[in-house]
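Below, each chain spelled out in residue letters.
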Amino acid sequence: MTTKVNLVSVVIPTLNEAGNIRETLETIERELRYPKEIIVVDGNSNDGTLEIAKDSNCRLIVEPRRGYGLALRVGMKHAKGDVVIMVDGDGTYELKHVNLLLERMMETDAEMCLATRMYDPNKAMGLLNFIGNKIITFCFNMLYKQNFSDTQSGFRAISRAALEKSEFIETDMAFATEMLIKFAKKGFRMVEVPSSYKVRKYGKPKLRPFKSGIEIFATMLKGLRVRA
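The rules behind the values
- Residues numbered from 1 in each chain as written.
- Predicted model: local features only at pLDDT ≥ 70, side-chain atom pairs only at ≥ 80, totals over all residues.
- Heavy atoms only, no water.
- Pairing = 2+ DSSP bridges.
- Helix = DSSP H or I, 4+ residues; strand = E, 2+ residues; numbered from the N terminus.
- Axes fitted to C-alpha atoms, helices over the stretch in contact; angles between N-to-C directions.
- Core = buried A, V, L, I, M, F, W, Y, C linked by side-chain atoms within 4.5 Å.
- Buried < 20%, exposed > 50% of the residue type's maximum accessible area, 1.4 Å probe, protein only.
- Contact = heavy atoms within 4.5 Å.
- Patch = residues over 30% accessible without salt bridge, like charges linked within 9 Å, V, L, I, M, F, W, Y side chains within 5 Å.
- Areas by Shrake-Rupley, 256 points an atom, 1.4 Å probe, with all protein chains shown as cover.
- Salt bridge = Lys/Arg side-chain N within 4 Å of Asp/Glu carboxyl O.
- Right-handed = clockwise from strand over helix to strand, strands pointing away.
- Arc of directions from axis to C-beta.
- Parallel < 35°, antiparallel > 145°, perpendicular 65-115°, else oblique.
- Left-handed = near helix turned anticlockwise from the far one by under 90°.
- Nonpolar A, V, L, I, M, F, W, Y, C, P; charged D, E, K, R; others polar.

Observations concerning the sheet that holds strand β2 (residues 36-42)
Right, so step 1: Sheet architecture is open: 7 strands sit in the order β3-β2-β1-β4-β6-β5-β7, paired in mixed fashion. Whereas interior strands pair on both sides, the edge strands pair on one side only; in this sheet they are β3 (59-62) and β7 (190-194). When the angles between neighbouring strand axes are averaged without regard to direction, this sheet yields 20 degrees.
Right, so step 2: Bridge count for strand β4 (residues 83-86) against strand β6 (residues 156-159) is 4 bridges, and the pairing is antiparallel.

A short note on the nonpolar core
Right, so step 1: Counting 35 residues, the largest nonpolar core has Met76, Met112, Ile158, Leu163, Met179 and Phe183 as the members making the most contacts within it.
Right, so step 2: Contributing elements (two or more residues each) for this core: β2, α3 (68-78), β4, β5 (112-116), α5 (127-144), α6 (160-164), α7 (175-186) and α8 (209-223).
Right, so step 3: Excluding its chain neighbours within four sequence positions, the residues that come into contact with Met76 are Val11, Val84, Met86, Ile158, Leu163, Phe175 and Met179.

A word on unusual backbone geometry
Right, so step 1: Within the chain, Asp109 stands out as a residue other than glycine whose phi angle is a positive 55 degrees.
Right, so step 2: Phi is positive for Lys145, which is not a glycine, with a value near 55 degrees.
Right, so step 3: Its location among the elements puts Lys145 in the loop between α5 and β6.

Quick look at a nonpolar patch on the surface
Right, so step 1: On the surface, Leu127, Ile131, Ile135 and Phe217 cluster together into a nonpolar patch covering about 370 Å² of accessible area.
Right, so step 2: With 3 residues, α5 is the single largest residue contributor to the nonpolar patch.
Right, so step 3: Looking at the secondary structure, you find Leu127 in helix α5.

Topic: the pairing of β3
If a strand is regular, its side chains alternate between the two faces of the sheet.
Right, so step 1: Note: β2 against β3, 4 bridges, orientation parallel. Note that in β3 the partner of Ile39 across the bridge is Arg59.
Right, so step 2: After leaving β2, the chain enters helix α2 (residues 49-54) and then returns to the sheet as β3, a path that is right-handed.

Thoughts on helix α4 (residues 98-107)
Right, so step 1: Among the residues making up α4, those that are buried are Val98, Asn99, Leu101, Leu102, Met105 and Met106. Down the axis of α4, the buried side of the element spans an arc of 155 degrees, and every buried residue falls inside it.
Right, so step 2: Contacts made by the buried residues of α4 are with β1 (8-14), α1 (21-31), β4, β5, β6 and β7.
Right, so step 3: Asp109 sits one or two residues past α4 and shows a positive phi near 55 degrees.

With respect to the environment of Pro64
Right, so step 1: As for its placement among the helices and strands, Pro64 is situated in the loop between β3 and α3.
Right, so step 2: You can call Pro64 exposed: its relative accessible area is 56%.
Right, so step 3: The sequence separation of Pro64 and Cys113 amounts to 49 residues, and the corresponding C-alpha distance is 29 Å.

Description of the packing of α7 against α8
Right, so step 1: It is the contact of α7 with α8, at a shortest axis distance of 9 Å, that shows an interaxial angle of 20 degrees. Judged by the angle between their axes, α7 and α8 are roughly parallel. Note that α7 runs across α8; the crossing there is right-handed. In this structure, α7 contributes Thr177, Glu178, Ile181 and Lys185 to the contact, and α8 contributes Ile216, Thr219, Met220 and Gly223.
Right, so step 2: Residue composition of the contact of α7 with α8, by class: 3 nonpolar, 3 polar and 2 charged.

A look at the pairing of β2
Right, so step 1: Here β2 lies mainly inside the structure; 6 of its 7 residues are buried.
Right, so step 2: Strand direction decides the pairing type here: β1 and β2, joined by 7 bridges, are parallel. Each residue of the ladder has a partner; that of Val8, found in β2, is Lys36.
Right, so step 3: In the classification by handedness, the crossover that spans β1, the intervening α1 and the parallel β2 is right-handed.

Observations regarding the pattern of salt bridges
Right, so step 1: With the rule as written, the count across this model stands at 10 salt bridges.
Right, so step 2: Among the salt bridges present, the one from Glu170 reaches Lys222, with a minimum N-O distance of 3.1 Å. Separated by 52 residues along the polypeptide, Glu170 in the loop between α6 and α7 and Lys222 in helix α8 bring together distant segments of the chain.
Right, so step 3: With a relative accessible area of 14%, Glu170 lands in the buried category.
Right, so step 4: Overall, the relative accessible area of 32% leaves Lys222 in the partly exposed class.
Right, so step 5: In this structure, Lys211 engages Glu215 in a salt bridge whose closest nitrogen and oxygen atoms are separated by 2.5 Å. Taken as a pair, Lys211 and Glu215 lie in helix α8 at a separation of 4 residues, close to a single helical turn.
Right, so step 6: Judged by relative accessible area, which is 37%, Lys211 ranks as partly exposed.
Right, so step 7: Under the relative-accessibility criterion, Glu215 is labelled partly exposed at 25%.
Right, so step 8: Overlapping salt bridges, with partners in common, bring together Asp172, Lys211 and Glu215 in one network.

Written as structure tokens, this is what we have:
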């Protein structure tokens, strides 16, 4: 359970996000009202992302091995906060809502709070990703007896104590789903808070929808056969 927050560790995976990472870091510094540390885990970018991160008030970890999940796992291992915020560095999540995740988490004594984009009035998520998310979330809820609206949200507040009780193996996009599986099987409380989504301003998305979708479904099926 999470009823008090002494330090928040914000973990941001990046790969060639020079056009977005500065605003992401500045927004977190400005908006997050709790004591914090910011950890950027970079996949050896070559577009200036590293230089921007070095000039900011964050801890930079260069992880040459590629993978969204791997970057997050590395950052979480280095986190010192009792709550870990994971969020992408591409500027698509509404970081002004970061305190809402923490407040909802504490109000409900939850181990995790996700920012759901399904009630976004701007409807900024692409149609293919929206439909894929809906299908994945429906299947996840059926298989693991949950009631999520957005299992693929990459903007989450997570109890570090709960993370330390879980073992992860996924290294790419399926990591986010693996985390929900492990938490669900352990009986951890998970909640959502409505948020919004923004169109990426710079660079190309890293998500490969069909490849990631197959990996996510494989992870959901595999999770039924393994212990928490």
